[in-house]
Amino acid sequence: MICPNCKNTIQDYPDYCPFCGILFKEQKMPQYDARGNEIRPTVMPGEENGFVDVIFQRRSTFVGAAMTIHIIIDDVEVTQLRDGQFVQCRIPCGTRKVILKTYNSSDSYLVTFQNDCRNMRVEIGVRMGWWSGSLMMYSVTKEYDNQPPVVDNHQESSGI
């Protein structure tokens, strides 16, 4: 780490600079999942209802593997996923419009994010039709403590 005040190199991530004594605000090292993807918190309006940790996971497929899927919630882009990637975001609770978008198509869904569960997992992907591909939200899984996961299957839905 380099001190923003005196520009000296500091080992690890201390609470203050040993050279100039400046106190650092709470700084956290980036966290990474098992595949090396950065786990990023997302800041969105609506904090008064609480938050839930949501893992967006993209199915790994041969079809559409080169396309990046942008995930937009209530007009805020929260992440981008390539084939087989996943990322964890903190989303404000409530019913939100989720848009899946690529360079040539988009699809939207209404998803209720609940703070009464430990976390939620949203599985997305690209499905090929006869002439073209479409974006799909396959499932929304709510994971509770000491209870089996509850899966809301979106596969039959074509969005809104």
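Data block above holds the structure.
None of the values given here were measured: they were computed from a predicted structure.

So, how was this worked out
- Residues numbered from 1 in each chain as written.
- Predicted model: local features only at pLDDT ≥ 70, side-chain atom pairs only at ≥ 80, totals over all residues.
- Heavy atoms only, no water.
- Core = buried A, V, L, I, M, F, W, Y, C linked by side-chain atoms within 4.5 Å.
- Buried < 20%, exposed > 50% of the residue type's maximum accessible area, 1.4 Å probe, protein only.
- Helix = DSSP H or I, 4+ residues; strand = E, 2+ residues; numbered from the N terminus.
- Lys, Arg positive; Asp, Glu negative; His and termini not counted.
- Salt bridge = Lys/Arg side-chain N within 4 Å of Asp/Glu carboxyl O.
- Polar contact = N/O pair within 3.5 Å; in protein donor to acceptor, adjacent residues only side chain to side chain.
- Pairing = 2+ DSSP bridges.

Engineer: Quick one: what's the story with the nonpolar core, residue by residue and with numbers?
Structural biologist: Residues Phe-56, Ile-71, Leu-100 and Phe-113 are the most contacted members of the largest nonpolar core, which totals 29 residues. Mapped by element, the contributors of at least two residues to this core are strand S3 (51-58), strand S4 (69-73), strand S5 (76-81), strand S6 (86-92), strand S7 (94-101), strand S8 (106-113), strand S9 (119-128) and strand S10 (133-143). Of the residues forming this core, the biggest block, five residues, is contributed by S10.

Engineer: Any chance you could break down the side chain of Arg-58 for me, citing the residues and the numbers?
Structural biologist: By the element assignment, Arg-58 lies in strand S3. Of the buried charged residues, Arg-58 lacks a salt bridge, with Asp-83 as the closest side chain of opposite charge at 4.3 Å. A polar contact is formed between the side chain of Arg-58 and the backbone oxygen of Met-67, at a distance of 2.5 Å.

Engineer: Residue-level account of the pattern of salt bridges, with values.
Structural biologist: All told, the structure shown has four salt bridges when counted by the stated rule. Across the pair Glu-123 and Arg-59 runs a salt bridge whose closest N-O atoms are separated by 2.8 Å. Of this pair, Glu-123 sits in strand S9 while Arg-59 sits in the loop between S3 and S4, and the two are 64 residues apart along the sequence. Judged by relative accessible area, which is 31%, Arg-59 ranks as partly exposed. Here Arg-96 makes a salt bridge to Asp-74, at a shortest N to O gap of 2.6 Å. Taken together, the positions of Arg-96 in strand S7 and Asp-74 in the loop between S4 and S5 put the pair 22 residues apart, joining distant regions of the chain.

Engineer: How would you summarise the pairing of S8 if you had to cite specific residues and measurements?
Structural biologist: A regular strand carries its side chains on alternate faces of the sheet. Across eight bridges, the pairing between S7 and S8 is antiparallel. Paired with Lys-97 across the two strands is Leu-110, which belongs to S8. Hairpin connection of S7 to S8: four residues between the antiparallel strands.

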